[in-house]
Amino acid sequence: MNSHHTSPAVEVTDLTKVFGTGTRAVRAVDGLTLTIDQGEIVAFLGPNGAGKTTTLDTLLGLRSPTSGNVRVLGTSPHRAVAAGDLGVVLQTDGLIPDYTVAETLRAVASVQGGHATTDLAGLAASTGLTPILRRRVARCSGGELQRLRLALALVADPRLLVLDEPTAGMDVTARTAFWDTMRVQAHGGRTILFATHYLEEAAAFADRIVIIARGRLVADGTVDEIRALGEGAVVSATWEGLDEPALAAALKVSGLADSVLGTALRGEHVEIRTSAPDDVARWLLTATPAAHLGINAVSLNEVFTALTDDDAVA
Ligand SMILES: Nc1ncnc2c1ncn2[C@@H]1O[C@H](COP(=O)(O)OP(=O)(O)OP(=O)(O)O)[C@@H](O)[C@H]1O
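Residues numbered from 1 in each chain as written. Predicted model: local features only at pLDDT ≥ 70, side-chain atom pairs only at ≥ 80, totals over all residues. Heavy atoms only, no water.

A. Focus on unusual backbone geometry. Of note in the backbone geometry, D14 takes a positive phi value of approximately 50° without being a glycine. Examined against the element boundaries, D14 turns out to sit in strand β1 (residues 10-19). With relative accessibility at 46%, the residue D14 sits in the partly exposed group. Located in the positive-phi region is D157, a residue other than glycine, with phi close to 50°. Inspection of the secondary structure assignment puts D157 in the loop between α6 (142-154) and β6 (160-164). (Helix = DSSP H or I, 4+ residues; strand = E, 2+ residues; numbered from the N terminus. Buried < 20%, exposed > 50% of the residue type's maximum accessible area, 1.4 Å probe, protein only.)

Next comes the structure, spelled out in structure tokens:
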């Protein structure tokens, strides 16, 4: 086997990208190191301005690093693109409004030359475009356009597919349909790297979640590993007639106040985030009027906010 097949799909080493100079310099990516193996499906998350797009642009050869190194499938981004190994779905691109979906597919396939699939009908079918092949680009919905962009990215059957917020602005139905299509494409060892703001879709679709903030890596792991970074669990219950002072007083008497990381009270619904969920649950059931008890892991959203919060201690 040659190194082309065994090398990582993506190797980012100490990548830094600075825009501008002097007092106006922006460190968009700040010493990022990341390896993605072939066949992995990775979600790339971070708040606005975290450096996701800049990192992806560097991987695609659209920007050069200020320092550090980026390799794609064992070679430079430019070589990987030239070899047809890299498929890309970006937030903006130059689709031609007057072309139909079919014409767009044919045009892109023709410029890809020898790398392009000869089975455009099959590609259209697998990306859900068959019913709209004769529709003009100008008349396509946002979700249809993204499926078209996906099909264009797949024309050369690339081994690495990079998508920058592919479902931004889609409604829930369109997002679900898009990821159903993506599932079909995530076969045969294709590596998929996508940036997103939607934690649920990262958790539902990716094997691995990479979170960056201010250009730096803040977390990297499976969905369960990321979730486990959230401290404690949330015990929820209904408690008739409860108000904030009564809750504080009851917790004080319970002897469990030290384990409590936070509380939220909405009407009769109380949530207690705690490092001792079993003890808090037992106390609620045996020593208080609380009912309808539930214990849940801290949500991914809460973990994400805690990890990427600007005020968080690094
Ligand atoms: N061409 C540029 N010139 C100057 N600054 C830039 C440029 N491109 C990006 N930046 C800055 O670099 C930082 C990272 O931006 P980037 O677009 O990579 O973040 P992002 O994580 O993709 O954000 P979003 O989720 O909002 O798309 C931001 O502060 C942004 O303003």
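Further notes follow.
B. Spatial organisation of the UniProt feature "domain: ABC transporter" (unreviewed entry) in the protein. UniProt's entry tags residues 10-239 with the feature "domain: ABC transporter" (unreviewed entry), counted in the numbering of this structure. The distance separating the terminal C-alpha atoms of residues 10-239 is 52 Å; by composition the span is 32% helix and 28% strand. (UniProt positions renumbered as here; feature names shortened; annotations may be inferred.)

C. Seen up close, the site of the ligand. Residues in contact with the ligand amount to 14 residues; listed here are only the nearest, N48, G49, K52, T53 and T54. Contacts to the ligand include G49, whose backbone N or O atom sits 2.8 Å from an oxygen atom. Protein burial of the ligand: of its 640 Å² of free accessible surface, 63% is covered by the chains. Elements represented by at least two residues in the shell around the ligand include exactly β2 (26-36) and α2 (52-59). Per-element tally for the shell around the ligand: the top contributor is α2, with 3 residues. (Near = heavy atom within 4 Å. Polar contact = N/O pair within 3.5 Å; in protein donor to acceptor, adjacent residues only side chain to side chain. Areas by Shrake-Rupley, 256 points an atom, 1.4 Å probe, with all protein chains shown as cover.)

D. Focus on the layout of surface pockets. Its volume calculated, the largest pocket comes out at about 480 Å³. Around the largest pocket sit 18 residues that line it, and G87, V88, Q112, L152 and A153 are the ones nearest its centre. Contributions of two or more residues to the lining of the largest pocket are made by β5 (86-89), α4 (101-112) and α6. For the lining of the largest pocket, the element with the highest residue contribution is β5, accounting for 4 residues. Tallied by class, residues from the lining of the largest pocket come to 12 nonpolar, 4 polar and 2 charged. (1 Å grid on protein atoms, 1.4 Å probe; cavity = no way out; pocket = protein on both sides within 12 Å on 5 of 7 lines; lining within 4 Å. Points joined across faces, edges and corners; volume = space filled by probe spheres on them. Nonpolar A, V, L, I, M, F, W, Y, C, P; charged D, E, K, R; others polar.)

E. Main features of the packing of aromatic side chains. What the rule picks out here adds up to 5 aromatic pairs. Ring centres of F178 and W179 lie 5.5 Å apart, and the angle between their planes is 90°; on these two criteria the pair is classed as edge-to-face. Since its relative accessible area comes to 0%, F178 is described here as buried. Seen in terms of ring centroids, W179 and F194 are 4.7 Å apart; in terms of plane orientation they differ by 55°. Their pairing is tilted. Taken together, the positions of W179 in helix α7 (residues 172-185) and F194 in strand β7 (residues 191-196) put the pair 15 residues apart, joining distant regions of the chain. Pair check on accessibility: W179 and F194 agree, each one buried. R175 extends its terminal NZ or CZ atom over the ring of Y198, reaching a point 3.6 Å from the ring centre. (Phe/Tyr/Trp six-rings, centres within 6.5 Å; stacked < 30°, edge-to-face > 60°. Lys NZ or Arg CZ within 6 Å of the ring centre and 35° of its normal.)

F. Examining the sheet that holds β1 more closely. Across the sheet, 3 strands lie side by side as β2-β1-β4; this open sheet has antiparallel pairing. Two strands in the sheet have a free side with no partner beyond their single neighbour: β2 and β4 (67-72). If you compare each strand with its neighbour and ignore which way they point, the axes differ by 20° on average. Direction of pairing for β1 relative to β2: antiparallel, over a ladder of 8 bridges. Its bridge partner lying in β2, V12 is registered against L34. (Pairing = 2+ DSSP bridges. Axes fitted to C-alpha atoms, helices over the stretch in contact; angles between N-to-C directions.)

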